[in-house]
Amino acid sequence: KTINSCKSIMSIELRSFRGGTTTTTTTTTTTTTTTTTTTTTTRQPSLGRQTKKIRLVRSSSSTSSSSSSSSSSWSWKTRGWSFILLFLLSFIIIIKFYTLLTTRQTTTTTTTTTNDSRPILITKWGDDLNLDDIEHWCLDPNITTCQCANPLMPMHRHGHKTWTRAYLDNVHFAHMFQQFLVKAKTSKANKFSSGIVLDVVFLGDSITEGWRGTSFGQPIPEKQENVDIFHAYFNSSRSNSSNSSSSSSSSVRIGGGQLDGLALGIAGDKSPNLLWRLQNGELPEMLTAKVFWVLIGTNDFLKPVAVAVAEEGGQNVVAVDQCSEEVVFMGIRRVVEEIMIRKPKSMIVVNGLLPRSDIGGRLYKEGEKTVMDAIDIVNHRLKDYCNGQSNNLEYFQASDIFIDTNASLGEEKYGKYIPTDRMNDFIHPTPLGYKLWAEKIREKVKSLTDETLAVL
(Lines give C-alpha, C1' and ligand atoms only; values in the text may rest on other atoms or scores of the structure.)
Protein backbone atom coordinates (compact mmCIF):
# COMPACT_ATOMS: atom_id res chain seq x y z
CA LYS A 1 0.00 0.00 0.00
CA THR A 2 2.75 2.35 0.87
CA ILE A 3 4.39 1.72 -2.50
CA ASN A 4 1.12 2.30 -4.34
CA SER A 5 0.54 5.54 -2.45
CA CYS A 6 4.00 6.76 -3.43
CA LYS A 7 3.36 5.93 -7.11
CA SER A 8 0.07 7.80 -6.98
CA ILE A 9 1.66 10.86 -5.42
CA MET A 10 4.58 10.81 -7.94
CA SER A 11 2.11 10.65 -10.78
CA ILE A 12 0.25 13.69 -9.45
CA GLU A 13 3.52 15.55 -8.88
CA LEU A 14 4.65 14.84 -12.39
CA ARG A 15 1.43 16.14 -13.92
CA SER A 16 1.69 19.26 -11.76
CA PHE A 17 5.29 19.87 -12.96
CA ARG A 18 4.32 19.53 -16.64
CA GLY A 19 1.36 21.86 -16.31
CA GLY A 20 3.38 24.59 -14.69
CA THR A 21 0.70 25.27 -12.02
CA THR A 22 0.52 24.69 -8.32
CA THR A 23 -1.75 21.79 -7.36
CA THR A 24 -2.91 21.07 -3.89
CA THR A 25 -3.49 17.39 -3.20
CA THR A 26 -5.38 16.08 -0.25
CA THR A 27 -4.65 12.59 0.91
CA THR A 28 -5.50 10.72 4.06
CA THR A 29 -4.28 8.02 6.39
CA THR A 30 -0.64 8.16 5.28
CA THR A 31 2.01 10.25 6.87
CA THR A 32 4.30 9.89 3.89
CA THR A 33 1.73 11.42 1.57
CA THR A 34 1.49 14.57 3.65
CA THR A 35 5.21 14.90 3.66
CA THR A 36 5.37 14.48 -0.11
CA THR A 37 2.65 17.03 -0.65
CA THR A 38 4.60 19.52 1.38
CA THR A 39 7.61 18.81 -0.73
CA THR A 40 5.56 19.39 -3.87
CA THR A 41 4.30 22.65 -2.54
CA THR A 42 7.79 23.83 -1.77
CA ARG A 43 9.09 22.98 -5.29
CA GLN A 44 6.51 25.01 -7.15
CA PRO A 45 7.64 28.40 -5.88
CA SER A 46 11.20 27.43 -6.73
CA LEU A 47 10.07 26.64 -10.28
CA GLY A 48 8.33 29.98 -10.43
CA ARG A 49 11.55 31.78 -9.48
CA GLN A 50 13.41 29.87 -12.18
CA THR A 51 10.75 30.86 -14.68
CA LYS A 52 11.12 34.51 -13.70
CA LYS A 53 14.87 34.30 -14.09
CA ILE A 54 14.49 32.77 -17.55
CA ARG A 55 12.10 35.52 -18.57
CA LEU A 56 14.53 38.16 -17.23
CA VAL A 57 17.40 36.71 -19.20
CA ARG A 58 15.30 36.57 -22.34
CA SER A 59 14.23 40.17 -21.84
CA SER A 60 17.82 41.25 -21.35
CA SER A 61 18.87 39.30 -24.42
CA SER A 62 16.12 40.97 -26.44
CA THR A 63 17.24 44.41 -25.28
CA SER A 64 20.85 43.64 -26.18
CA SER A 65 19.81 42.42 -29.61
CA SER A 66 17.79 45.59 -30.18
CA SER A 67 20.72 47.79 -29.10
CA SER A 68 23.10 45.91 -31.37
CA SER A 69 20.72 46.32 -34.30
CA SER A 70 20.44 50.09 -33.65
CA SER A 71 24.23 50.49 -33.39
CA SER A 72 24.74 48.57 -36.60
CA SER A 73 22.20 50.79 -38.37
CA TRP A 74 23.98 53.99 -37.16
CA SER A 75 27.35 52.62 -38.30
CA TRP A 76 26.06 52.04 -41.81
CA LYS A 77 24.59 55.56 -41.91
CA THR A 78 27.98 57.06 -40.92
CA ARG A 79 29.76 55.05 -43.56
CA GLY A 80 27.23 56.17 -46.14
CA TRP A 81 27.81 59.86 -45.42
CA SER A 82 31.58 59.33 -45.48
CA PHE A 83 31.37 57.78 -48.93
CA ILE A 84 29.20 60.67 -50.14
CA LEU A 85 31.61 63.32 -48.81
CA LEU A 86 34.60 61.50 -50.29
CA PHE A 87 32.87 61.35 -53.67
CA LEU A 88 32.06 65.08 -53.58
CA LEU A 89 35.64 65.97 -52.61
CA SER A 90 37.04 63.84 -55.42
CA PHE A 91 34.62 65.46 -57.87
CA ILE A 92 35.69 68.97 -56.82
CA ILE A 93 39.39 68.08 -57.19
CA ILE A 94 38.78 66.69 -60.68
CA ILE A 95 36.89 69.83 -61.71
CA LYS A 96 39.68 72.09 -60.39
CA PHE A 97 42.34 70.10 -62.21
CA TYR A 98 40.34 70.20 -65.43
CA THR A 99 39.92 73.97 -65.08
CA LEU A 100 43.68 74.44 -64.74
CA LEU A 101 44.26 72.40 -67.87
CA THR A 102 41.69 74.27 -69.92
CA THR A 103 43.10 77.63 -68.77
CA ARG A 104 45.84 77.21 -71.35
CA GLN A 105 43.45 76.21 -74.11
CA THR A 106 41.41 79.41 -74.34
CA THR A 107 42.21 83.06 -74.90
CA THR A 108 39.79 85.21 -72.95
CA THR A 109 39.84 88.34 -70.85
CA THR A 110 37.94 89.02 -67.65
CA THR A 111 37.98 92.01 -65.36
CA THR A 112 38.20 92.11 -61.58
CA THR A 113 38.59 94.99 -59.16
CA THR A 114 41.15 95.28 -56.39
CA ASN A 115 40.69 97.02 -53.06
CA ASP A 116 41.94 100.30 -54.52
CA SER A 117 39.30 100.07 -57.31
CA ARG A 118 42.02 99.60 -59.92
CA PRO A 119 40.86 97.31 -62.73
CA ILE A 120 43.16 94.36 -63.29
CA LEU A 121 42.83 92.30 -66.45
CA ILE A 122 43.32 88.59 -65.93
CA THR A 123 44.44 87.14 -69.22
CA LYS A 124 44.70 83.65 -70.63
CA TRP A 125 46.71 82.72 -73.66
CA GLY A 126 46.38 80.13 -76.36
CA ASP A 127 47.68 76.58 -76.51
CA ASP A 128 50.48 77.39 -78.98
CA LEU A 129 52.77 78.31 -76.07
CA ASN A 130 53.71 75.08 -74.36
CA LEU A 131 56.67 74.15 -72.22
CA ASP A 132 56.69 70.72 -73.86
CA ASP A 133 57.87 72.42 -77.06
CA ILE A 134 61.19 73.34 -75.43
CA GLU A 135 63.70 70.77 -76.61
CA HIS A 136 66.72 72.14 -74.71
CA TRP A 137 66.50 74.24 -71.57
CA CYS A 138 70.24 74.91 -71.38
CA LEU A 139 72.22 77.01 -73.86
CA ASP A 140 74.72 74.18 -74.12
CA PRO A 141 72.73 71.09 -75.22
CA ASN A 142 75.23 68.88 -73.39
CA ILE A 143 74.30 70.48 -70.05
CA THR A 144 71.10 69.45 -68.30
CA THR A 145 71.62 71.04 -64.87
CA CYS A 146 70.71 74.67 -65.61
CA GLN A 147 67.80 75.99 -63.55
CA CYS A 148 65.89 78.33 -65.83
CA ALA A 149 62.78 80.18 -64.76
CA ASN A 150 59.46 79.06 -66.22
CA PRO A 151 59.02 81.52 -69.15
CA LEU A 152 55.21 81.34 -68.93
CA MET A 153 54.81 81.82 -65.17
CA PRO A 154 54.58 85.40 -63.79
CA MET A 155 57.12 85.92 -61.01
CA HIS A 156 57.78 88.84 -58.65
CA ARG A 157 61.07 89.60 -56.92
CA HIS A 158 59.88 90.91 -53.57
CA GLY A 159 62.70 90.91 -51.06
CA HIS A 160 65.50 91.34 -53.61
CA LYS A 161 67.33 94.59 -52.87
CA THR A 162 64.88 97.47 -53.45
CA TRP A 163 62.91 95.74 -56.20
CA THR A 164 59.59 96.26 -54.46
CA ARG A 165 60.19 100.01 -54.12
CA ALA A 166 61.10 100.25 -57.81
CA TYR A 167 57.96 98.31 -58.75
CA LEU A 168 55.73 100.57 -56.64
CA ASP A 169 57.35 103.63 -58.24
CA ASN A 170 56.53 102.24 -61.67
CA VAL A 171 52.92 101.61 -60.69
CA HIS A 172 52.70 105.19 -59.44
CA PHE A 173 54.20 106.57 -62.65
CA ALA A 174 51.90 104.44 -64.79
CA HIS A 175 48.81 105.78 -63.03
CA MET A 176 49.83 109.40 -62.53
CA PHE A 177 51.91 110.28 -65.60
CA GLN A 178 48.93 110.31 -67.93
CA GLN A 179 47.12 112.84 -65.72
CA PHE A 180 50.31 114.89 -65.32
CA LEU A 181 50.78 115.01 -69.09
CA VAL A 182 47.25 116.29 -69.67
CA LYS A 183 47.67 119.04 -67.05
CA ALA A 184 51.04 120.09 -68.45
CA LYS A 185 49.79 120.39 -72.01
CA THR A 186 46.46 122.05 -71.22
CA SER A 187 48.33 124.71 -69.22
CA LYS A 188 50.07 125.98 -72.38
CA ALA A 189 48.76 128.86 -74.42
CA ASN A 190 47.67 126.57 -77.22
CA LYS A 191 45.20 124.30 -75.45
CA PHE A 192 45.41 120.59 -76.15
CA SER A 193 42.62 118.12 -76.08
CA SER A 194 42.00 116.29 -72.81
CA GLY A 195 42.19 113.04 -74.78
CA ILE A 196 45.99 113.11 -74.84
CA VAL A 197 47.88 109.83 -75.09
CA LEU A 198 51.55 109.10 -74.67
CA ASP A 199 53.59 108.57 -77.79
CA VAL A 200 55.66 105.72 -76.41
CA VAL A 201 55.91 103.65 -73.21
CA PHE A 202 59.12 101.67 -72.70
CA LEU A 203 58.87 98.36 -70.85
CA GLY A 204 61.86 96.29 -69.81
CA ASP A 205 64.78 95.70 -67.45
CA SER A 206 67.89 97.67 -66.39
CA ILE A 207 68.47 99.01 -69.92
CA THR A 208 64.99 100.55 -69.87
CA GLU A 209 65.38 101.76 -66.27
CA GLY A 210 68.62 103.41 -67.35
CA TRP A 211 66.54 106.05 -69.15
CA ARG A 212 65.50 107.28 -65.69
CA GLY A 213 69.06 107.27 -64.31
CA THR A 214 68.25 104.69 -61.64
CA SER A 215 68.89 101.07 -60.71
CA PHE A 216 66.26 99.30 -58.58
CA GLY A 217 64.68 102.75 -58.19
CA GLN A 218 67.84 104.27 -56.66
CA PRO A 219 69.61 107.17 -58.48
CA ILE A 220 72.97 106.28 -60.01
CA PRO A 221 75.32 109.29 -60.48
CA GLU A 222 76.94 108.03 -63.70
CA LYS A 223 73.51 107.52 -65.28
CA GLN A 224 72.08 111.00 -64.72
CA GLU A 225 73.08 112.16 -68.18
CA ASN A 226 70.69 109.52 -69.53
CA VAL A 227 67.80 111.43 -67.94
CA ASP A 228 68.60 114.56 -69.94
CA ILE A 229 68.79 112.55 -73.15
CA PHE A 230 65.44 110.93 -72.44
CA HIS A 231 63.75 114.28 -71.81
CA ALA A 232 65.33 115.70 -74.95
CA TYR A 233 63.61 113.08 -77.07
CA PHE A 234 60.61 111.89 -75.07
CA ASN A 235 59.29 114.83 -73.04
CA SER A 236 57.58 117.61 -74.98
CA SER A 237 56.72 119.52 -71.79
CA ARG A 238 60.31 120.31 -70.87
CA SER A 239 61.88 123.71 -71.59
CA ASN A 240 65.43 125.05 -71.82
CA SER A 241 65.25 126.58 -68.36
CA SER A 242 64.58 123.23 -66.78
CA ASN A 243 67.51 121.68 -68.62
CA SER A 244 70.09 124.39 -68.21
CA SER A 245 72.46 122.10 -66.33
CA SER A 246 72.73 119.63 -69.19
CA SER A 247 75.25 119.73 -72.00
CA SER A 248 74.49 121.52 -75.24
CA SER A 249 74.18 118.20 -77.05
CA SER A 250 71.27 117.31 -74.80
CA SER A 251 69.50 120.67 -74.75
CA VAL A 252 66.06 121.06 -76.22
CA ARG A 253 64.13 123.99 -77.55
CA ILE A 254 61.35 125.77 -75.73
CA GLY A 255 58.43 123.42 -75.70
CA GLY A 256 60.72 120.38 -75.24
CA GLY A 257 61.02 117.31 -77.39
CA GLN A 258 58.64 116.15 -80.03
CA LEU A 259 57.53 112.96 -78.28
CA ASP A 260 56.11 112.11 -74.89
CA GLY A 261 57.39 108.91 -73.34
CA LEU A 262 57.49 106.95 -70.09
CA ALA A 263 60.13 104.40 -69.08
CA LEU A 264 59.08 101.48 -66.84
CA GLY A 265 61.99 99.17 -66.19
CA ILE A 266 63.65 97.38 -63.25
CA ALA A 267 67.22 96.16 -63.18
CA GLY A 268 67.79 92.42 -63.43
CA ASP A 269 64.26 91.56 -64.46
CA LYS A 270 63.53 88.59 -66.70
CA SER A 271 60.48 88.10 -68.90
CA PRO A 272 58.44 86.39 -66.12
CA ASN A 273 59.17 89.38 -63.84
CA LEU A 274 57.95 91.89 -66.41
CA LEU A 275 54.91 89.70 -67.04
CA TRP A 276 54.08 89.83 -63.32
CA ARG A 277 54.47 93.61 -63.27
CA LEU A 278 52.14 94.04 -66.24
CA GLN A 279 49.51 91.93 -64.51
CA ASN A 280 49.86 93.81 -61.24
CA GLY A 281 49.51 97.49 -61.94
CA GLU A 282 52.17 98.66 -64.39
CA LEU A 283 49.83 98.48 -67.37
CA PRO A 284 46.55 99.98 -66.09
CA GLU A 285 43.61 100.66 -68.32
CA MET A 286 44.10 104.42 -67.97
CA LEU A 287 47.63 104.24 -69.40
CA THR A 288 47.24 104.80 -73.14
CA ALA A 289 50.05 105.10 -75.67
CA LYS A 290 50.43 105.01 -79.41
CA VAL A 291 53.39 102.66 -79.10
CA PHE A 292 54.49 100.21 -76.40
CA TRP A 293 58.21 99.53 -76.80
CA VAL A 294 59.41 96.22 -75.32
CA LEU A 295 63.01 95.26 -74.58
CA ILE A 296 63.32 92.24 -72.29
CA GLY A 297 65.11 88.90 -72.29
CA THR A 298 68.85 89.42 -71.93
CA ASN A 299 68.69 88.42 -68.25
CA ASP A 300 66.70 85.30 -69.14
CA PHE A 301 69.87 83.68 -70.40
CA LEU A 302 71.10 83.42 -66.83
CA LYS A 303 69.86 80.98 -64.22
CA PRO A 304 68.61 82.53 -60.93
CA VAL A 305 71.70 81.72 -58.84
CA ALA A 306 75.35 81.55 -59.83
CA VAL A 307 76.80 78.07 -59.59
CA ALA A 308 80.40 79.04 -58.90
CA VAL A 309 82.59 82.01 -58.05
CA ALA A 310 86.24 82.18 -59.02
CA GLU A 311 88.99 84.73 -58.60
CA GLU A 312 90.61 85.80 -61.85
CA GLY A 313 92.96 88.73 -62.38
CA GLY A 314 91.88 90.35 -59.15
CA GLN A 315 88.22 90.45 -60.21
CA ASN A 316 85.35 88.24 -59.15
CA VAL A 317 84.18 86.15 -62.07
CA VAL A 318 80.78 84.54 -61.67
CA ALA A 319 80.37 81.35 -63.67
CA VAL A 320 76.76 80.58 -64.52
CA ASP A 321 74.81 78.07 -66.53
CA GLN A 322 72.89 79.83 -69.29
CA CYS A 323 69.37 79.15 -70.51
CA SER A 324 68.61 78.31 -74.12
CA GLU A 325 67.30 80.48 -76.93
CA GLU A 326 64.03 78.54 -76.80
CA VAL A 327 63.38 79.54 -73.19
CA VAL A 328 64.28 83.19 -73.81
CA PHE A 329 62.14 83.49 -76.94
CA MET A 330 59.09 81.92 -75.29
CA GLY A 331 59.34 84.33 -72.34
CA ILE A 332 59.52 87.39 -74.60
CA ARG A 333 56.63 86.19 -76.71
CA ARG A 334 54.48 85.63 -73.61
CA VAL A 335 55.10 89.24 -72.54
CA VAL A 336 54.24 90.56 -76.01
CA GLU A 337 50.98 88.63 -76.10
CA GLU A 338 50.05 90.00 -72.68
CA ILE A 339 50.42 93.55 -74.02
CA MET A 340 48.50 92.70 -77.19
CA ILE A 341 45.58 91.45 -75.10
CA ARG A 342 45.56 94.45 -72.77
CA LYS A 343 46.28 97.17 -75.35
CA PRO A 344 44.75 95.91 -78.61
CA LYS A 345 44.56 99.39 -80.16
CA SER A 346 48.21 100.30 -79.64
CA MET A 347 51.25 99.52 -81.73
CA ILE A 348 53.76 97.19 -80.11
CA VAL A 349 57.43 97.31 -81.03
CA VAL A 350 59.63 94.41 -80.01
CA ASN A 351 63.19 95.67 -79.72
CA GLY A 352 65.66 92.92 -80.58
CA LEU A 353 68.02 92.01 -77.76
CA LEU A 354 70.98 94.37 -77.66
CA PRO A 355 74.43 92.86 -78.15
CA ARG A 356 76.38 91.72 -75.11
CA SER A 357 79.74 90.16 -74.54
CA ASP A 358 81.17 87.86 -71.91
CA ILE A 359 84.60 87.76 -73.55
CA GLY A 360 85.98 91.29 -73.19
CA GLY A 361 83.88 93.02 -75.82
CA ARG A 362 84.27 90.44 -78.55
CA LEU A 363 81.01 88.98 -79.74
CA TYR A 364 81.98 85.72 -81.43
CA LYS A 365 84.64 83.09 -80.89
CA GLU A 366 85.67 80.42 -83.34
CA GLY A 367 84.78 76.91 -82.25
CA GLU A 368 82.71 78.12 -79.32
CA LYS A 369 79.10 79.18 -78.94
CA THR A 370 78.83 82.59 -77.28
CA VAL A 371 75.87 84.41 -75.81
CA MET A 372 75.85 86.63 -78.92
CA ASP A 373 75.25 83.55 -81.07
CA ALA A 374 72.21 82.83 -78.92
CA ILE A 375 71.05 86.47 -79.14
CA ASP A 376 71.19 86.29 -82.93
CA ILE A 377 68.95 83.21 -82.89
CA VAL A 378 66.43 84.82 -80.53
CA ASN A 379 66.32 88.03 -82.59
CA HIS A 380 65.78 86.05 -85.79
CA ARG A 381 62.85 84.23 -84.20
CA LEU A 382 61.41 87.49 -82.85
CA LYS A 383 61.57 89.04 -86.31
CA ASP A 384 59.78 86.09 -87.91
CA TYR A 385 57.17 86.10 -85.14
CA CYS A 386 56.40 89.82 -85.53
CA ASN A 387 56.22 89.58 -89.32
CA GLY A 388 53.71 86.79 -89.02
CA GLN A 389 51.35 88.67 -86.72
CA SER A 390 48.85 91.50 -87.21
CA ASN A 391 49.74 94.97 -88.40
CA ASN A 392 50.08 96.35 -84.88
CA LEU A 393 53.24 94.37 -84.09
CA GLU A 394 56.68 95.47 -85.31
CA TYR A 395 60.22 94.25 -84.85
CA PHE A 396 63.09 96.73 -84.36
CA GLN A 397 66.76 95.85 -84.75
CA ALA A 398 69.17 98.08 -82.82
CA SER A 399 72.27 95.88 -82.64
CA ASP A 400 74.16 97.75 -85.36
CA ILE A 401 74.18 100.88 -83.20
CA PHE A 402 76.41 99.17 -80.63
CA ILE A 403 78.69 97.08 -82.87
CA ASP A 404 81.90 97.89 -84.72
CA THR A 405 84.28 95.71 -86.73
CA ASN A 406 88.01 95.21 -86.27
CA ALA A 407 89.62 93.02 -88.91
CA SER A 408 92.53 92.24 -86.59
CA LEU A 409 90.16 90.26 -84.33
CA GLY A 410 89.07 87.93 -87.11
CA GLU A 411 87.26 87.62 -90.38
CA GLU A 412 83.59 88.33 -90.96
CA LYS A 413 81.55 88.06 -87.74
CA TYR A 414 84.59 87.12 -85.64
CA GLY A 415 85.91 90.64 -86.11
CA LYS A 416 82.84 92.25 -84.50
CA TYR A 417 83.04 93.81 -81.04
CA ILE A 418 81.29 96.30 -78.74
CA PRO A 419 83.11 99.66 -78.44
CA THR A 420 83.37 100.93 -74.86
CA ASP A 421 82.13 104.41 -75.78
CA ARG A 422 78.69 102.85 -76.46
CA MET A 423 78.68 100.06 -73.84
CA ASN A 424 81.46 100.35 -71.31
CA ASP A 425 80.37 97.17 -69.50
CA PHE A 426 79.43 95.41 -72.77
CA ILE A 427 75.74 95.15 -71.79
CA HIS A 428 74.39 98.61 -70.76
CA PRO A 429 74.47 101.59 -73.14
CA THR A 430 76.54 104.65 -72.25
CA PRO A 431 74.98 108.13 -72.65
CA LEU A 432 76.26 108.13 -76.24
CA GLY A 433 74.70 104.74 -76.81
CA TYR A 434 71.36 105.94 -75.42
CA LYS A 435 71.47 109.03 -77.63
CA LEU A 436 72.14 107.07 -80.83
CA TRP A 437 69.44 104.61 -79.85
CA ALA A 438 66.92 107.40 -79.07
CA GLU A 439 67.38 108.85 -82.55
CA LYS A 440 66.55 105.53 -84.17
CA ILE A 441 63.54 105.07 -81.88
CA ARG A 442 62.19 108.47 -82.81
CA GLU A 443 62.46 107.65 -86.50
CA LYS A 444 60.65 104.37 -85.98
CA VAL A 445 57.83 105.95 -84.02
CA LYS A 446 57.50 108.60 -86.71
CA SER A 447 57.10 105.95 -89.40
CA LEU A 448 54.51 104.08 -87.33
CA THR A 449 52.34 107.01 -86.32
CA ASP A 450 52.70 109.11 -89.50
CA GLU A 451 53.28 112.21 -87.44
CA THR A 452 55.52 115.10 -88.41
CA LEU A 453 58.40 115.14 -85.93
CA ALA A 454 60.83 118.03 -85.99
CA VAL A 455 64.53 117.32 -85.78
CA LEU A 456 66.15 118.58 -82.60
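In case you missed it, the structure is sitting above this.
Points about the state of the cysteines
Logical step 1: Inspection of the entire model under this criterion finds 2 disulfides.
Logical step 2: There is a disulfide in this structure between C138 and C146, and the S-S distance comes to 1.9 Å. Because the sign of the S-S torsion sets the handedness, a value of about -105° for the bond joining C138 and C146 places this disulfide among the left-handed ones. As far as burial versus exposure is concerned, C138 and C146 are alike and both buried.
Logical step 3: Between C148 and C323 runs a disulfide, and the two sulfur atoms are separated by 2.0 Å. Between C148 and C323, the S-S torsion sits near -115°, and that sign places the bridge as left-handed.

Looking at the sheet that holds strand β11 (residues 393-396)
Logical step 1: Strand order in the open sheet formed by 5 strands is β6-β3-β7-β10-β11, with parallel pairing between adjacent strands. Two strands close off the open sheet at either side, each with one partner strand: β6 (261-265) and β11. Strand-to-strand twist across the sheet, computed as the mean angle between neighbouring axes with direction ignored, equals 20°.
Logical step 2: Bridge count between strand β3 (residues 198-204) and strand β7 (residues 289-295): 6 bridges; the pairing is parallel. Its bridge partner being in β7, V201 is matched across the sheet by F292.
Logical step 3: Packing of helix α6 (residues 271-282) onto the sheet brings it into contact with β3 and β6, and relative to β3 it is tilted by some 130°.
Logical step 4: Sheet contacts for helix α8 (residues 371-387): β10 (347-351) and β11; angle to β11, the most-contacted strand, approximately 150°.

Quick word on helix α5 (residues 224-234)
Helical geometry note: an α-helix holds 3.6 residues per turn, so side chains three or four residues apart project in the same direction.
Logical step 1: Within α5, 8 of the 11 residues are buried, which leaves the element mostly enclosed by the surrounding structure.
Logical step 2: N226, V227, D228, I229, F230, A232, Y233 and F234 are the residues of α5 that are buried.
Logical step 3: Its buried side turned inward, α5 meets β3, β6 and α9 (431-449).

Observations concerning empty space enclosed by the protein
Logical step 1: Summed over the entire model, instances satisfying the criterion amount to 2 cavities of 30 Å³ or more.
Logical step 2: In this structure, the second largest cavity is lined by A149, P151, K270, P272, D300, C323 and V327.
Logical step 3: When its residues are assigned to classes, the lining of the second largest cavity shows 5 nonpolar, no polar and 2 charged.

Concerning the pairing of β7
Consecutive side chains of a regular strand alternate in pointing toward one face of the sheet and then the other.
Logical step 1: Across the 7 residues that make up β7, a large majority, 6, are buried.
Logical step 2: Of the pairings in the sheet, the one linking β7 to β10 comprises 4 bridges and is parallel in character. Bridge pairing links W293 to V349 in β10.

Examining the nonpolar core
Logical step 1: The biggest cluster of nonpolar side chains holds 71 residues, and the ones touching the most others in it are W211, F234, W293 and W437.
Logical step 2: The greatest single-element share of this core, amounting to 8 residues, is contributed by α8.
Logical step 3: Discounting chain neighbours no more than four positions away, the residues touching W293 are V200, V201, F202, L203, V349, N351, F396, W437, I441, K444 and V445.
Logical step 4: Counting 9 residues, the second largest nonpolar core, distinct from the first, contains I134, C146, L152 and C323.

Details of α8
Logical step 1: Over its 17 residues, α8 extends 24 Å from the first C-alpha to the last, a length consistent with the 24 Å expected when each residue adds 1.5 Å.
Logical step 2: Every buried residue of α8 is listed here: V371, M372, D373, A374, I375, V378, N379, L382, Y385 and C386.
Logical step 3: Where the residues of α8 are buried, they touch α7 (325-342), β10 and β11.

What to know about the packing of aromatic side chains
Logical step 1: Summed over all chains, the structure comprises 16 aromatic pairs.
Logical step 2: Consider the rings of F202 and W211, whose centres lie 5.9 Å apart with planes at 35°: the pair is tilted.
Logical step 3: Aromatic rings pair up to connect F202, W211, F230, Y233, F234, W293, F396, Y434 and W437 into one cluster.

Some points on the packing of α7 against α8
Working note: a packed helix pair is described by the angle between its axes plus the distance between those axes.
Logical step 1: Where α7 meets α8, the axes come as close as 9 Å, and the angle between the chain directions of the two elements is 35°. The two elements α7 and α8 cross, and the hand of that crossing is right-handed. Facing α7, whose interface residues are E325, E326, V328, F329, I332, R333, V336, E337 and M340, α8 presents A374, I377, V378, R381, L382 and Y385.
Logical step 2: Split by residue class, the contact of α7 with α8 holds 10 nonpolar, no polar and 5 charged.

Looking at the packing of α5 against α9
Logical step 1: At a closest axis distance of 9 Å, the pairing of α5 and α9 adopts a crossing angle of 15°. Considering the angle they form, α5 stands roughly parallel to α9. The interaxial crossing formed by α5 with α9 has right-handed handedness. Residues E225, N226, I229, Y233 and F234 of α5 form the contact with α9, whose own contacting residues are P431, Y434, K435, A438, E439, I441 and R442.

Comments concerning a nonpolar patch on the surface
Logical step 1: Together, W81, I84, L85, F87, L88, F91, I92 and I95 make up an exposed nonpolar region whose accessible area comes to about 870 Å².
Logical step 2: Locating F87 in the fold gives a position in helix α2 (residues 31-103).
Logical step 3: Of the residues examined, F87 reaches a relative accessible area of 58% and is grouped as exposed.

Re the pairing of β3
Logical step 1: Burial within β3 is extensive, with 7 of its 7 residues counted as buried.
Logical step 2: Here 5 bridges tie β3 to β6, and the two strands are oriented parallel to one another. In the sheet register, V201 faces β6, and the bridge partner there is L262.

Digging into the environment of H160
Logical step 1: Position of H160 relative to the elements: it lies in the loop between β2 (119-123) and α3 (163-186).
Logical step 2: Along the backbone, H160 and F216 are 56 residues apart, and their C-alpha atoms lie at a distance of 9.4 Å.

Examining the environment of E439
Logical step 1: Tracing the backbone shows E439 in helix α9.
Logical step 2: Residue classification places E439 among the partly exposed positions, given a relative accessible area of 26%.
Logical step 3: A polar atom in the side chain of E439 sits 3.0 Å from the side chain of K435.

About the cut-offs
Within any chain, residue numbers begin from 1 and follow the written order of that chain's sequence. Side-chain atom pairs in this predicted model are given and counted only at pLDDT of 80 or more, local residue features only at pLDDT of at least 70, and totals for whole chains, interfaces and linings cover all residues. Heavy atoms from the whole structure form the basis of all side-chain values; hydrogens and water molecules are not counted. Working definition: a disulfide is two cysteine sulfur atoms within 2.5 Å of each other. Only protein chains enter the accessibility calculation, which uses a 1.4 Å probe; a residue whose area is less than 20% of its type maximum is buried, one above 50% is exposed, and one in between is partly exposed. Strands qualify as paired when DSSP identifies two bridges or more between them. Secondary structure counts use DSSP, requiring at least four H or I residues in a row for a helix and at least two E residues in a row for a strand, with both numbered from the N terminus. Only the stretch in contact is used when fitting a helix axis, every axis being a line fitted to C-alpha atoms; angles between N-to-C directions are given from 0 to 180 degrees. Should any heavy atoms of two residues lie within 4.5 Å, those residues are counted as being in contact. Detection works on a 1 Å grid of protein atoms alone, calling trapped sets that fit a 1.4 Å probe cavities and calling open sets with protein on both sides within 12 Å along at least five of seven lines pockets, with lining residues defined by an atom within 4 Å of a point. Grid points are joined across faces, edges and corners, and a volume is the space filled by probe spheres set on the points. Throughout, the ten residues Ala, Val, Leu, Ile, Met, Phe, Trp, Tyr, Cys and Pro are labelled nonpolar, Asp, Glu, Lys and Arg are labelled charged, and all others, Gly among them, are labelled polar. For our purposes a nonpolar core is just a set of buried Ala, Val, Leu, Ile, Met, Phe, Trp, Tyr and Cys residues, chained together by side-chain atoms within 4.5 Å. To estimate the expected span of a helix, subtract one from its residue number and multiply by 1.5 Å. Two rings from Phe, Tyr or Trp (for Trp, the six-membered ring) form a pair when their centres sit within 6.5 Å of each other. Planes less than 30 degrees apart are called stacked, planes more than 60 degrees apart edge-to-face, and all others tilted. Crossings are classed by handedness, with left-handed meaning an anticlockwise turn of the near helix from the far one by less than a right angle and right-handed meaning a clockwise turn. Angle categories are assigned with fixed cut-offs, so that under 35 degrees is roughly parallel, over 145 is roughly antiparallel, 65 to 115 is roughly perpendicular, and the rest are oblique. Patches here are clusters of residues that have more than 30% relative accessible area and form no salt bridge, with a 9 Å joining cutoff for like charges and a 5 Å cutoff for nonpolar side chains (Val, Leu, Ile, Met, Phe, Trp, Tyr). We get accessible surface area from the Shrake-Rupley algorithm with a probe of 1.4 Å; when it comes to residues, only the shown protein chains can shield them. A pairing counts as a salt bridge when a side-chain nitrogen of Lys or Arg comes within 4 Å of a carboxyl oxygen of Asp or Glu. Pairs of N or O atoms within 3.5 Å make up the polar contacts considered here, provided that, within protein, one atom can donate a hydrogen while the other can accept it, and that residues adjacent in sequence are counted only when both atoms are side-chain atoms.

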